[in-house]
Amino acid sequence: MHVVELSNHPGDMLGDAARRRQAAEQRVLSVYEDELIRYRARVQTVRVRRDRARSGRRWWTWLRLSLAVWREKRGIPRPPVPAAGHPTDLEEKIMAGIAGEELVATELGRALDDDWTLLRGYRNRRGEIDQLLLGPRGLFAIEVKNLNATVHVDGDRWRADKYDNYGNLVEQRPIADRMGRSPSVQLNEPADDLERFLAERGQPTGISRVVILAHRRSGLGPVRNPTVETFTSPGDLLTLIGNSASRLDRGQQAAIAALIRRDHEFHGQHRRGGTRPPR
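So, how was this worked out
Residues numbered from 1 in each chain as written. Predicted model: local features only at pLDDT ≥ 70, side-chain atom pairs only at ≥ 80, totals over all residues. Heavy atoms only, no water. Phe/Tyr/Trp six-rings, centres within 6.5 Å; stacked < 30°, edge-to-face > 60°. Helix = DSSP H or I, 4+ residues; strand = E, 2+ residues; numbered from the N terminus. Buried < 20%, exposed > 50% of the residue type's maximum accessible area, 1.4 Å probe, protein only. Expected span 1.5 Å × (residues − 1). Pairing = 2+ DSSP bridges. Axes fitted to C-alpha atoms, helices over the stretch in contact; angles between N-to-C directions. Contact = heavy atoms within 4.5 Å.

(A) How the structure looks around the packing of aromatic side chains. Scanning all chains against the criterion turns up two aromatic pairs. When the ring of Trp59 is compared with that of Trp62, the centres are 6.1 Å apart and the planes differ by 85°; the resulting orientation is edge-to-face. On the criterion of helical spacing, the pair formed by Trp59 and Trp62 is a turn pair, its members being three residues apart in helix α2 (residues 59-74). The exposure class of Trp59 is partly exposed, given its relative accessible area of 45%. A ring pair is formed by Trp116 and Phe140, whose centres lie 6.3 Å apart and whose planes are at 45°; its orientation type is tilted. In this pair, Trp116 sits in the loop between α3 (89-111) and β2 (117-124) while Phe140 sits in strand β4 (residues 138-145), placing the two residues 24 residues apart along the sequence. On the basis of relative accessible area, Trp116 is assigned to the buried category, the value being 5%. Assessed through its relative accessible area of 1%, Phe140 is described here as buried.

(B) Helix α4 (residues 183-200), seen in detail. For α4, with 18 residues, the first-to-last C-alpha span of 26 Å sits near the 26 Å given by 1.5 Å per residue. Turning to α4, its buried residues are Pro183, Ser184, Val185, Gln186, Leu187, Asn188, Pro190, Ala191, Asp193, Leu194, Phe197 and Leu198. Once α4 finishes, Gly202 follows within two positions and takes phi at roughly 85°, a positive value.

(C) Up close: the sheet that holds β4. Pairing within the open sheet is mixed, and its six strands lie in the order β1-β2-β3-β4-β8-β10. The sheet terminates laterally at β1 (2-5) and β10 (229-231), the two strands that pair on one side only. Each neighbouring strand pair of the sheet contributes to a mean axis angle of 30°, computed without reference to strand direction. Across five bridges, the pairing between strand β3 (residues 127-135) and β4 is antiparallel. The residue bridging Gln131 from the neighbouring strand is Ile142, located in β4. On the sheet, α3 packs against β2, β3, β4 and β8 (207-213) and is oriented at approximately 5° with respect to β3.

Here it is in structure tokens:
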């Protein structure tokens, strides 16, 4: 299986999150260093006054200032808790997503030959598709979710139920991105747009839409009125591929791959504000 990296949005997000964390750590360290400088100045000032009192044999003043030095020394600022290199919750979440995508790509690569191409990180005006798998059995849009939960699907409403080791329900939450879109909507919106784009340019191709729950503890609860296929392993996707009635010859695959690249680049240039290539 050939792998084409169109973009690495998760990697970019991880880099941004790490840079924000490092900047926050640096700000905390700068505040601590400023407090430490002020602390040392206070201690030194009291020490000088204490030593002058001793030289002048003002013993009560010397005693009072000696106690003041002791109190000041006890007030040394605490260094910040060492956090460098410790990822935030956001970084952990992004890394989990990256791990899930890598797992799926690895499993597909083991099973599929060089007639197949995996295009990663495709984006258009409606959103991003984690992976597009293109081969003789058709075109498959893949969204990967690395969730340690049991997922319930009702149309485009998705919910995650999390259980503890004793089987007790400890968390129940909707599954949605920052725009409030469930995984099926996240996948269908850009897939619909890509399907339309390909048809308008002479390559009418149905796109099979698949959400893979890649976490080893992912489970799939009741599924009602699904708008995408939902699987708990790449093996289920391979079964879907084997049963696919779609057929694409090498010429069609090459034309579709070129159009996908072209559309991705068009929208990439648009986001960067540069000169857009022809669409």
